Amino acid sequence: MTLIDTVERAEKTPDDEQPYRELGLKDDEYARIRDILGRRPTTAELAMYSVMWSEHCSYKSSKVHLRQFGDLPPSDALLVGIGENAGVVDVGDGYAVTFKVESHNHPSYVEPYQGAATGVGGIVRDILTMGARPIAVMDSLRFGRADAPDTARVLPGVVAGVGGYGNCLGLPNIGGELLFDECYAGNPLVNALCVGVMKHEDVRLAKAEGVGNKVILFGARTGGDGIGGVSVLASETFDAEGPAKRPSVQVGDPFTEKLLIEACLEIFAADLVTGIQDLGGAGLSCATSELASAGTGGMHVDLDTVPLRDSTLTPAEILMSESQERMCAIVEPDKVEQFLAVCRKWDVLATVIGEVTEGDRLTVDWHGERIVDVPPRTVAHEGPVYERPMARPADLDALQDDDAAQLPRPSTPEELQAHWLAVVSSPDGADKTWVTEQYDRYVRGNTVLAQPEDAGVVRIDEDSHRGIALALDGNARYARLDPYTGAQLNLAEAYRNVAVSGAKPLAVTNCLNFGSPEEPEVMWQFAEAVRGLADGCRELGLPVTGGNVSLYNQTGDVAINPTPVIGVLGVHEDVRRRVPSGWRAAGETVLLLGLTGEEFGGSAWASVVHGHLGGRPPAVDLAAERKLGELLAALGREGLVTSAHDVADGGLAQTLTESALRHGVGARLVLPGDRFTALFSESAARAVITTTDPGGVKTTAQWAGVPVTELGTTGGDALAVDGLPELPLAELRAAWSATLPALFGGPEHSTPLTVPAGTVPTS
Amino acid sequence: MRIGIITFPGSLDDVDAARAVRLAGGEPVALWHAEHDLKDVDAVVLPGGFSYGDYLRAGAIAARAPLMQDVVDRARQGLPVLGICNGFQVLCEAGLLPGALTRNSHLHFRNRDQVLVVERADTAWTTDYTHGQRIVIPVKNGEGRYVAADADLDRLEGENRVVFRYADGNPNGSSRDIAGVTSEDGRVVGLMPHPEHAVEDLTGPSTDGLGFFTSVLKAVVAA
C-alpha cells in the first residue's frame with residue numbers, strides 16, 4: 001500500500017521534492033502555496049491548488065482586464081451579476097433568465113465527440129446550478145480550412161457531440177455559428193451556450209452556510225477521466241513533442257445529466273438545498289473550495305465516502321477528477337432524507353460526503369487521516385493575478401495599411417455575379433443544414449425561431465406568450481485587424497440579430513478565445529477586445545452578465561485570430577409578433593435600412609475571392625445600431641414588417657441570398673450606387689426588411705432617424721438585380737447548399753463536388 | 001377524456017405530448033414508468049426521447065418497465081396506444097408492434113420537416129385524416145430506420161398495417177419508406193415522426209399533427 005501524504009507528514013518532511021511543474025504551477029506560485037500553508041502542501045493539497053490556480057479556473061491573466069465589465073453602470077435588469085456560475089436577468093412577469101457561453105476548445109481537438117459533448121454538458125450544469133430549468137442551447141464553432149484533412153476529422157465529431165449530448169438531454173439547439181479559417185487548424189473552437197428560465201424567487205447561489213449542514217455529492221460516480229483537464233489541457237499550448245493528452249478529456253453521459261436535471265428541479269421546487277454547485281473543471285476541488293469560500297464557515301469532507309468508478313484512484317486524483325454529471329449540494333440535516341428520496345426516484349446516486357463546519361478551514365480526510373487543511377479562499381478566490389506584459393502586434397500597421405479597397409474588383413456583370421456565387425457558396429457563407437439537421441430544434445415545443453434565423457427565439461410562457469431571443473456572433477477577421485473595433489462589431493451584430501427578430505436587447509455574455517497570454521501581442525489583443533466590449537456595452541446600456549475566457553488557443557507560436565464571441569439576450573413581450581428572416585410572399589417591398597459605405601476590410605469578399613485579410617474593419621456606430629434596433633422593435637410591434645434580416649459578413653449578397661432561399665421567393669431589385677459596393681460592403685448597422693406598407697415604414701424610420709433605401713419587390717423564382725444577369729433561385733440554391741455535403745457528406749452525398757475554397761470558379 | 005403520457009427516465013417529449021393532448025381538447029395525465037398505475041386513462045401516449053439513454057438498444061430497457069406490463073395487457077384488450085419515436089421503439093421492443101428500428105442508413109441524427117402520406121385513416125389515432133392525405137410533421141432521430149424480414153414486410157403490407165409512408169425523400173433509410181405501423185386491431189400505432197411538434201403555427205412547421213390527438217378523443221367516445 002502506498003504511503004498517504006498527510007498534513008502531519010508534510011509538516012515533518014518540508015524538503016520532499018514535489019512535482020508542481022508537471023501539474024502546471026510556476027516556481028513562484030508553488031512558493032506562495034508554501035507561504036499560505038506555512039509548510040509544503042500535501043500531495044492532495046498540491047493537486048487542488050494546481051487545478052484551481054490554472055488559467056482556466058483562476059482567470060489569473062484576464063482578471064485585471066475583466067474588471068471593466070464589473071465597473072459598468074448598474075442595470076435594473078441584472079438580478080445576479082458576474083462571479084456566480086451565470087448571471088441572471090429579469091425578463092419581466094416575474095421571470096428570470098440565466099445564460100452563459102463557455103469554451104471546450106482544447107478537449108474538442110483531442111477528442112472531438114466527447115470534447116464537444118461534455119462542453120454542452122458543462123454549460124448546462126452551470127445554468128441548472130442557478131436554479132433554472134435549461135431551455136435551449138446554441139453553439140459557436142470554428143475550424144481550420146474546410147478542405148483540410150484534419151477538419152474532416154474534427155468537424156463531424158464535434159457536430160455529432162454537440163448534437164448527441166443536447167438531443168439526448170432534450171434541449172433544442174436554436175442557433176449558433178460555423179466558420180472556417182486556416183488559423184484554427186490545430187485549435188478549433190467549440191463554444192456552447194445554454195439558457196435557462198426560472199422565477200425570481202427560485203435563484204440559487206453557490207455557497208455553503210449553516211454549521212452542521214450536510215454536503216451531498218450526487219450524480220455520476222467519480223472516475224479517472226479528465227484528471228488535470230483544466231491545468232494540463234486547457235491552460236497550456238499544444239506542442240508536437242508533448243505527451244498524449246487524450247486521458248485528460250472527460251467522457252459524457254447525457255442520460256445521467258437528464259436525470260440530474262429533473263432531480264435538481266424537483267429538489268429546488270421542494271426547497272431542499274441552501275447552496276449548490278456543479279462539478280465541472282477541477283471537479284471536487286473546485287466545488288468544495290468555492291462553496292466553502294463563498295459561505296461563512298468551513299467545510300469538512302470524508303473522501304472515503306465518494307462513490308468511485310475506479311477503486312484504485314488516489315485521493316489527489318479523486319479531488320482533481322473531472323468526471324461529468326456530478327453536483328454538490330448543501331442540505332440542512334432534517335431535509336437530507338427527503339433530498340435522498342428525490343434522488344432515488346430519479347435513479348440518481350447521492351451520498352453525504354461531509355458537512356459545513358465552524359471556523360474557516362476546508363479539511364479533507366482519507367482513511368481517517370487529514371490530507372487537506374487549507375483556507376478555502378486561497379484555493380478558490382485568491383489565486384494569483386498577473387498583469388502580463390502587452391505589446392501591439394508588430395505586423396498590425398502593415399496589416400491595416402494593406403487596404404482591401406485596393407483589391408481588383410469584378411469588371412463585368414458576369415464577373416460580379418460569379419463573385420456573388422463564390423461568397424455565398426464558400427464554406428462560411430454556405431447553407432449550414434448539414435450541421436443543423438443533426439440538432440433537435442423542436443423538443444419542449446417552445447422554439448419559435450431557430451437556425452438559420454438571425455436569432456433563436458424561445459417562448460417561456462404559453463399563456464402570456466412572453467419569450468426571449470438570443471444571438472451569438474464572433475467575427476475574428478475584424479478582431480484581427482482591430483480587436484477593439486472587432487469586439488464592438490461582434491457586440492453590434494449580436495445586438496442587431498436580436499433586434500431584427502423584434503426583441504428588445506437586454507444583456508450580454510461572452511466567450512473570449514485567444515492565444516497564449518504569455519505572448520505580449522496576444523495579451524494586447526485580449527486587453528483591447530475587453531476594452532472595446534466594455535465601452536460598447538456602456539454605450540448600448542447593456543450589462544455584461546458573465547462570460548468565459550479561453551486562452552492558450554495556439555499551436556507552437558501561432559495563435560488563433562482573436563475571437564471574442566459575443567452573446568446578446570433580448571426579450572419578446574409577445575413571441576407571436578416575432579419577425580422571421582425569410583421572404584414568404586410576392587409583391588412585398590424590399591427595403592434596406594442603414595447606410596452603405598465602401599468598407600471591405602476583413603470582408604468575406606476579400607477573403608473568399610482574394611484570400612486577403614487587411615485594412616480596417618467596418619466603422620462602428622453604436623448610436624446607429626441603437627436607432628436601428630429601436631426602429632425594428634417598433635416595426636415589429638406595429639406589425640409593419642413581414643421579414644427582417646441583418647446585413648453582416650458577405651454583405652447584401654449574403655443577406656439577399658438567405659432571405660430569398662428561405663422559402664423560395666425571389667425579387668426584382670435595383671441596387672443604389674455602385675453595385676459592387678452595394679453587394680459586398682460590410683458596413684454595420686444595416687438590415688433588409690420586407691413590408692406591405694412601405695409608406696408606413698418610411699414614416700416610422702424617419703421618426704427613428706434611420707435612412708431607408710427602397711430596393712425593389714419580392715416575387716418570381718429568381719433574384720433579378722438591375723444590370724446583372726438574372727440569378728435563378730434553383731442555381732443559387734444549388735451553389736449555396738452543395739458545399740458542406742460535398743465536404744463532409746455521408747453516403748447520400750457520395751459524389752464529391754469540387755468546392756471553391758478560397759478561390760473564385762473561373763467562369 | 002383522459003390521455004396518459006408515460007415518463008420513463010430519459011423521456012423528453014412528454015411535455016410536448018401533454019400540450020398536444022390539451023390543445024386537442026383532452027386531459028393529459030402524467031404516468032410514471034415505475035408504478036403499476038394507469039390512473040384510469042382512456043388512451044396512452046409513449047413520448048419521444050432517449051429512455052435509458054438508448055443503452056442496450058433504443059427502447060429495450062423501457063419496454064421492461066413495470067407500467068409497460070399494464071400497457072401491454074390493456075392494449076391487447078383494445079386500449080388505444082400511440083408510440084412516437086422512442087415510444088415506437090419501446091412498442092416494438094415490447095412486442096406490441098412488429099419490426100425494429102435501427103441506426104439511420106447515413107449514420108447521422110436527422111431533424112427535418114417531413115412529408116408523410118397517410119395510408120390508413122381508420123386507426124384509433126388517424127380518423128381525422130383522409131386516405132392518401134399528405135401531411136408535414138417533424139422527424140428527428142438517430143435510430144429510425146424501420147426494418148423487418150421481407151416476408152414480414154410483405155405480410156404487414158398485405159394486412160394493410162402500414163399507417164404512414166415517407167414521401168419526397170426517406171430521411172433514415174426505412175424499408176419501403178415505412179414511417180409508422182399499426183396493430184392488427186388498429187388501436188396501437190407507432191411512428192418515428194413527431195406529430196406533437198406540429199400542433200401550433202407558432203412553433204411547428206404545420207398543425208398537421210393535431211389530428212392524432214383529436215382522432216383518439218373520438219375513438220375513445222366511440223368505444
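Residues numbered from 1 in each chain as written. Chains lettered and ligands numbered in written order. Predicted model: local features only at pLDDT ≥ 70, side-chain atom pairs only at ≥ 80, totals over all residues.

### Section: the sheet that holds strand 11 (residues 350-357) of chain A
Residue and element names in this part refer to chain A. Reading across from one edge, 8-10-7-11-9-12-13 is the order of the 7 strands in this open sheet, with mixed pairing throughout. At either margin of the open sheet sits one strand with a lone partner, and together these are strand 8 (275-279) and strand 13 (369-374). Here the strands of the sheet are splayed against their neighbours by 20° on average, with no regard to which way each runs. Two elements, strand 7 (residues 214-219) and strand 11, share 5 bridges in a ladder whose sense is antiparallel. (Pairing = 2+ DSSP bridges. Helix = DSSP H or I, 4+ residues; strand = E, 2+ residues; numbered from the N terminus. Axes fitted to C-alpha atoms, helices over the stretch in contact; angles between N-to-C directions.)

### Comments concerning the packing of helix 7 (residues 112-129) of chain A against helix 8 (residues 149-169) of chain A
All names here are of chain A. With their axes 7 Å apart at the nearest point, helix 7 and helix 8 run at an angle of 35° to one another. Where helix 7 crosses over helix 8, the handedness of that crossing is right-handed. Across the interface between the two elements, Pro-112, Tyr-113, Gln-114, Gly-115, Ala-116, Ala-117, Val-120, Gly-121 and Val-124 from helix 7 touch Val-154, Gly-157, Val-158, Ala-160, Gly-161, Val-162, Gly-164, Tyr-165, Gly-166 and Leu-169 from helix 8. Classifying every residue of the contact of helix 7 with helix 8 by side-chain character gives 12 nonpolar, 7 polar and no charged. (Left-handed = near helix turned anticlockwise from the far one by under 90°. Contact = placed C-beta atoms within 7 Å. Nonpolar A, V, L, I, M, F, W, Y, C, P; charged D, E, K, R; others polar.)

### A word on the sheet that holds strand 18 (residues 544-550) of chain A
Residues and elements named next belong to chain A. Pairing is mixed in the open sheet, where 6 strands are placed in the order 14-15-16-21-17-18. Across the chains shown, the open sheet's two edge strands, defined by having one partner strand only, are strand 14 (447-449) and strand 18. Adjacent strand axes in the sheet meet at a mean angle of 20° when their direction is disregarded. Where strand 17 (residues 504-513) and strand 18 come together, 6 bridges link them in parallel fashion. Bridging across to strand 18, Leu-512 finds its partner in Val-549. On top of the sheet, helix 20 (residues 520-540) reaches strand 17, strand 18 and strand 21 (563-572); it is set at about 175° to strand 17, its chief contact.

### Some words on the nonpolar core
In summary, soluble globular proteins display a tendency toward joint burial of nonpolar side chains. If you look at the biggest cluster of nonpolar residues, it comprises 318 residues, and the most contacted ones within it are A:Met52, A:Leu193, A:Val195, A:Ile468, A:Leu470 and B:Leu91. Sort the elements by how many residues they give to this core and helix 19 (residues 483-500) of chain A lands first, with 10 residues. Residue contributions to this core reach at least three from each of two domains, namely domain 1 (19-53 + 205-384) and domain 2 (406-429 + 579-763) of chain A. Once you skip the residues sitting within four places of it in the chain, A:Val195 turns out to touch A:Val97, A:Phe99, A:Ile127, A:Ile135, A:Ala136, A:Ile468 and A:Leu470. (Core = buried A, V, L, I, M, F, W, Y, C linked by C-beta atoms within 7 Å. Buried ≥ 20, exposed ≤ 12 C-beta atoms within 10 Å, placed from the backbone. Domains from an automatic or database assignment.)

### Some points on unusual backbone geometry
In this structure, A:Pro452 follows A:Gln451 across a cis peptide bond, with omega equal to 10°. With respect to the helices and strands, the residue A:Pro452 is situated in the loop between strand 14 and strand 15 (456-459). Residue B:Arg176 is not a glycine yet carries a positive backbone phi of 50°. Looking at where B:Arg176 falls in the secondary structure, it is placed in the loop between strand 9 (162-167) and strand 10 (178-182). Take B:Arg176: there are 15 C-beta atoms within 10 Å of it, and that puts it in the partly exposed class.

### Side note on the domain arrangement of chain A
Entries for chain A in the domain assignment read domain 1 (19-53 + 205-384) and domain 2 (406-429 + 579-763). The C-alpha centroid of domain 2 of chain A is placed 50 Å from the C-alpha centroid of domain 1 of chain A.

### Re the interface of chain B and chain A
Accessible area lost on assembly of the parts is the figure often given for the size of an interface. Counting residues at the interface gives 25 residues for chain B and 28 residues for chain A. The set of elements that each furnish at least two residues to the side of chain B that touches chain A consists of helix 1 (14-24), strand 6 (110-118) and strand 7 (134-141) of chain B.

### Looking at the pairing of strand 9 (residues 298-302) of chain A
Residue and element names in this part refer to chain A. The buried count for strand 9 comes to 4 of 5 residues, which makes it a mostly enclosed element. Where strand 9 and strand 11 come together, 4 bridges link them in antiparallel fashion. Within strand 11, the residue paired with Val-301 across the bridge is Gly-354. The pairing of strand 9 with strand 12 (residues 362-366) spans 4 bridges and is parallel. Paired with His-300 across the bridge in strand 12 is Thr-363.

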